[in-house]
Amino acid sequence: MLVNLNAVLSDAQKNRYAVGLFNTTDTDMLEAVIAAAEECRSPVIIGTAEVLLPNGELKLIAPSIIAAAKRASVPVVVHYDHGLTFDRCMEALQLGFSSVMFDGSAGAYEQNIADTREIVKIAHAFGATVEGEIGHVGEASANDNTATDLYTRVYEAESYLKATGVDALAVSIGTAHGAYKSKPKLDFDRLTDLSAALPVPLVLHGGSGLSDDDFRRSIACGIAKVNIFTDLCLAGNAAMTDGLANGEAYLTIRNRKVEYIKRAVMEKMRLFGSVGKA
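Treat the numbers as computed from the prediction; the structure is a model and nothing was measured.

(A) Up close: the pattern of salt bridges. Summed over all chains, the structure comprises 15 salt bridges. For Asp28, the salt bridge identified is with Arg254, shortest N-O distance 2.9 Å. On the criterion of sequence distance, the pair formed by Asp28 in helix 2 (residues 27-40) and Arg254 in helix 10 (residues 250-272) is long-range, its members being 226 residues apart. Lys257 is the partner of Asp28 in a salt bridge, and the nearest nitrogen-oxygen pair spans 3.1 Å. Linking Asp28 in helix 2 with Lys257 in helix 10, this pair joins segments that are 229 residues apart in sequence. Take Asp28 and Lys257: they sit in the same class, and that class is buried.

(B) Local environment of helix 1 (residues 5-15). When helix 1 is considered as a whole, its buried residues turn out to be Leu5, Val8, Leu9 and Ala12. End-on view of helix 1: buried residues confined to an arc of 90°, all on one side of the axis. Exposed residues pointing more than 90 degrees away from the buried face of helix 1 are listed as Ala7 and Lys14. The N-terminus of helix 1 is capped by Asn4, whose side-chain oxygen sits 3.1 Å from the backbone nitrogen of Asn6. One or two residues past the end of helix 1 sits Arg16, with phi positive at roughly 60°.

(C) Molecular detail of the side chain of Glu131. With respect to the helices, strands and loops of the structure, Glu131 is situated in strand 6 (residues 129-134). Of the residues examined, Glu131 reaches a relative accessible area of 0% and is grouped as buried. For Glu131, the side chain forms a polar contact with the side chain of His79, separated by 3.3 Å. Apart from residues no more than four positions distant in its own chain, Glu131 is found in contact with Leu5, His79, Val100, Met101, Phe102, Ala168, Ala170, Val203, His205 and Lys225.

(D) Up close: unusual backbone geometry. Here Arg41, not a glycine, exhibits a phi torsion of approximately 55°, which is positive. Mapping Arg41 onto the fold places it in the loop between helix 2 and strand 3 (44-49). Even without glycine at this site, His82 takes up a positive phi of about 50°. Here His82 lies in strand 4 (residues 76-83).

About the cut-offs
Residues numbered from 1 in each chain as written. Predicted model: local features only at pLDDT ≥ 70, side-chain atom pairs only at ≥ 80, totals over all residues. Heavy atoms only, no water. Salt bridge = Lys/Arg side-chain N within 4 Å of Asp/Glu carboxyl O. Helix = DSSP H or I, 4+ residues; strand = E, 2+ residues; numbered from the N terminus. Buried < 20%, exposed > 50% of the residue type's maximum accessible area, 1.4 Å probe, protein only. Arc of directions from axis to C-beta. Polar contact = N/O pair within 3.5 Å; in protein donor to acceptor, adjacent residues only side chain to side chain. Contact = heavy atoms within 4.5 Å.

Written as structure tokens, this is what we have:
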């Protein structure tokens, strides 16, 4: 069933588990994530991100994602991740996404507030939820995940939340997007302070590559939503490597890819504690 973030994150926040966002760029990944959620009886968040659109255009993939969400026997949020422009966020809402993230974290603080506030106003009129971001989650390839001046500050997050009315907040505590070259150092004390100060569910970006202990501790400290993409790509790569090594045909490799990605998603759902929560 198609729902928005409020329908799945409120319980996760209250009961200290997390719901995974698994970005999908094609119907192979989509099939894998939905199948995993139904088998685990887990709520799930699925969608795509603006930076991924060259690999799966929004108008092409959106109808499949939304249709799959409506057919699913578990709650599915269709979320537009890391929306960087107003126009693309509006396009996602018009196509039927039940949630959007506007990421103005790389720009000026006041501009981030103004832009996010406007998107919240419009999205709520659609019945959709909005995730914002304060602090900046870096790129693992740039080794900037240790720049603590980019971490989320409690007083800024409180002000941002009051000014914008976002439904969930992505925070920066030391994670980074992409594959890590070295082990990230997460600021759990800061996360604990943020969770105590903020009433909305908190979101962890850059989740692929973290240790199981990192995930467990982050969730115990207040994270209710975790974003995963790179790990799904790695699972797909492994499937193609194994399939080619076995001399398999294209469609056999395709099915192997769905199965590998499904297993990776199920592993994360068990780790996040969302199994049986649907």
